[in-house]
Amino acid sequence: MERLLFTTSRIGPLNLRNRSIRSAAFEGMCPGHLVSEDLVEYHRSVSEGGIGMTTVAYAAVSQSGLSFPHQLWLRKEAVPGLKRLTSAVHTAGATAAIQIGHCGQMAKTSVSGKCFSPSGGFNLYGPTWPRAMKTEDIRNVGADFGKAVRLARESGFDAVEVHAGHGYLISQYLSASTNKRKDGYGGSFENRSRFMKEVISEVMTAAATDMAVLVKMNLRDGFKGGMEIEESLEVAKILEKMGVHALVLSGGFVSRAPMYVMRGRMPVRVMACYMHEKWMRPGVRWFGNLLMKPEPFKEAYFLDDALRIRQNVNLPLVYVGGMTSWDGIEKVLGEGFEFVQIARALIYDPSFINKLKTGELTVSGCNHTNYCIAVMYSGKMACYQNDKDRSLHWRKYLEERI
């Protein structure tokens, strides 16, 4: 009998060859905000490794949504490179998705030109000082999401994943902790969800009938005063009613509870030595463990909350969060989730899915030390699991210490 993971299933107009999706973990492979050959080759390798759909990470819908100089910006200039990428993915038999979003208060003015958020005010975790968005800004960003979908289609993508979680702009509107507006976009949950609904309306119109639309949303923000599961249930119901094709169930705020997203501990000194802003390095080394508090890791760490969503909506759900073993994947799929998203296990080994299928392995070798996340400022995405690998970073740290 064929294992459930390796059965086909649909997301909107798409038929995936299996139920595995490469999660939109930030690759950091877009110098000048354009596609590099490293990015093409990575997604080619994951596709050849058996994934059902691979997701290109966090493409900003406009310049104002950028956080890094090596982050993808979905604009006309990026289309030729993205076409090479989607062609490579399709040739390998997988489908291609791209995650689209806006950083809001996390945008860095050195690359974004400006920084805004629902309410303005100082953001310690940037650190940034965004201004409050005007009605014109809200309207323009919504239109940018629609333009991004049309560019994704032109680039050959089969699906878009709208990032409405992790403390980025849509999530900043949804969360009462970051949305202090006094107009029709703030206050009640109905008002705080208005920006999301306007964005999704633009996306669904642009996606028409030939592109799948997924939305990544938070189950919980992961800190006191943030969004909790009760409001997340309402978000899921709204998105289902609007006709999105699948929800990706995640959690955490990159600016307030980053380790709630990925769990484990962050190697903060390694992260500091790769940061572009040298003045920030001492603070990250000294206070990084306070700002990025460790969270215990266990496989399928979002499952209990995700089941609450499963019990209340009928559209396809994508489980993400700590998928490292055959048993864990089968358990999640057996609970009624149509798909699983995987990130770190595929950074460790792009052929993880094929090796599960052949029985070569049943558990990923990834030990979730999070070095792959700590070096994201370097413009490289790689796994560092052993002492020899880590010593390379310590040498760099010693060479560049201040």
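> Teacher, can you tell me more about the overall build of the protein chain here?
A count of helical and extended segments in the protein chain gives 17 helices and 12 strands. The buried share of the protein chain, reckoned over its 402 residues, is 62%. Counting only contacts in the protein chain whose residues sit at least 6 apart along the sequence, the fraction spanning at least 24 positions is 71%. By element, 51% of the accessible surface of the protein chain is carried by carbon and sulfur atoms, the whole surface being about 15800 Å².

> Could you clarify how one ought to interpret the packing of aromatic side chains in this entry?
Given two aromatic rings, their pairing is described by the distance between the two centres and the angle made by the two planes. In total, this model carries 10 aromatic pairs according to the counting rule given. Judged by centre distance (5.7 Å) and plane angle (20°), the ring pair of Phe6 and Trp326 falls under stacked. Within this pair, whereas Phe6 is found in the segment before β1 (9-11), its partner Trp326 is found in helix α13 (residues 326-334), the two being separated by 320 residues in sequence. The buried category is assigned to Phe6, whose relative accessible area is 9%. A residue is classified by how much of its surface remains accessible, and Trp326, at 8% relative accessible area, is buried.

> Could you clarify how one ought to interpret the packing of helix α8 (residues 229-241) against helix α12 (residues 303-310) in this entry?
Packed helix pairs are characterised by how far apart their axes lie and by the angle those axes make with each other. Relative to each other, α8 and α12 sit at 45°, their axes nearing to 10 Å. Considering their axes alone, α8 and α12 lie oblique with respect to each other. For the pair α8 and α12, the sense of crossing is right-handed. Contact residues: Ile229, Glu230, Ser232, Leu233 and Ala236 in α8; Asp305, Arg308 and Ile309 in α12. Considering only residue class, the contact of α8 with α12 consists of four nonpolar, one polar and three charged.

> Before we go on, may I ask you to explain the packing of helix α7 (residues 194-207) against α8 in this structure?
Where α7 contacts α8, the axes come no closer than 11 Å and their chain directions differ by 25°. Accordingly, the angle class assigned to the pair α7 and α8 is roughly parallel. For the pair α7 and α8, the crossing hand works out as right-handed. Note on element contacts: α8 touches α7 through Val235, Ile238 and Leu239, opposite Met196, Lys197 and Ile200. The residue makeup of the contact of α7 with α8, split by class, is five nonpolar, no polar and one charged.

> Would you mind showing me how to read empty space enclosed by the protein here?
Scanning the entire structure with this criterion turns up two cavities of 30 Å³ or more. In this structure, the second largest cavity encloses a volume near 40 Å³. Lining the second largest cavity we find Phe26, Glu27, Gly28, Met29, Cys30, Leu39, Val56, Ala57, Tyr58, His70, Gln71 and Leu72. Here the lining of the second largest cavity takes three residues from strand β4 (residues 53-60), the largest share from any one element. Considering only residue class, the lining of the second largest cavity consists of eight nonpolar, three polar and one charged.

> Whenever I open this one, the side chain of His245 confuses me. Can you help?
Take His245: it is sitting in the loop between α8 and β10 (246-250). Here the side chain of His245 touches Val213 through a polar contact of 2.9 Å, landing on its backbone nitrogen. Beyond its immediate stretch of four places on either side in the chain, His245 contacts Ile11, Gly12, Pro13, Met204, Met211, Ala212, Val213, Leu315 and Pro316.

> How should the nonpolar core be read in this particular structure?
Soluble globular proteins: nonpolar side chains tend toward being buried together. Counting residues in hydrophobic clusters, the biggest one holds 98 residues, and the most contacted among them are Ile98, Ile100 and Leu247. No other element matches α7, which puts eight residues into this core. When neighbours within four sequence positions are excluded, Ile100 is seen to be in contact with Ala59, Val61, Leu74, Phe145, Ala148, Val149, Val160, Glu161, Val162 and His163.

> Would you mind showing me how to read the sheet that holds β4 here?
With parallel pairing, eight strands are arranged side by side around a closed barrel as β3-β4-β5-β8-β9-β10-β11-β12. The sheet shows a mean angle of 25° between the axes of neighbouring strands, taken without regard to direction. For β10 and strand β11 (residues 317-320), the ladder comprises three bridges, and the chain directions are parallel. Counterpart to Leu249 in the pairing with β11 is Tyr319. Of the strands in this sheet, β9 (212-218) and β10 touch α8, which is tilted by about 170° from β9.

The rules behind each value
- Residues numbered from 1 in each chain as written.
- Predicted model: local features only at pLDDT ≥ 70, side-chain atom pairs only at ≥ 80, totals over all residues.
- Heavy atoms only, no water.
- Helix = DSSP H or I, 4+ residues; strand = E, 2+ residues; numbered from the N terminus.
- Buried < 20%, exposed > 50% of the residue type's maximum accessible area, 1.4 Å probe, protein only.
- Contact = heavy atoms within 4.5 Å.
- Areas by Shrake-Rupley, 256 points an atom, 1.4 Å probe, with all protein chains shown as cover.
- Phe/Tyr/Trp six-rings, centres within 6.5 Å; stacked < 30°, edge-to-face > 60°.
- Axes fitted to C-alpha atoms, helices over the stretch in contact; angles between N-to-C directions.
- Parallel < 35°, antiparallel > 145°, perpendicular 65-115°, else oblique.
- Left-handed = near helix turned anticlockwise from the far one by under 90°.
- Nonpolar A, V, L, I, M, F, W, Y, C, P; charged D, E, K, R; others polar.
- 1 Å grid on protein atoms, 1.4 Å probe; cavity = no way out; pocket = protein on both sides within 12 Å on 5 of 7 lines; lining within 4 Å.
- Points joined across faces, edges and corners; volume = space filled by probe spheres on them.
- Polar contact = N/O pair within 3.5 Å; in protein donor to acceptor, adjacent residues only side chain to side chain.
- Core = buried A, V, L, I, M, F, W, Y, C linked by side-chain atoms within 4.5 Å.
- Pairing = 2+ DSSP bridges.

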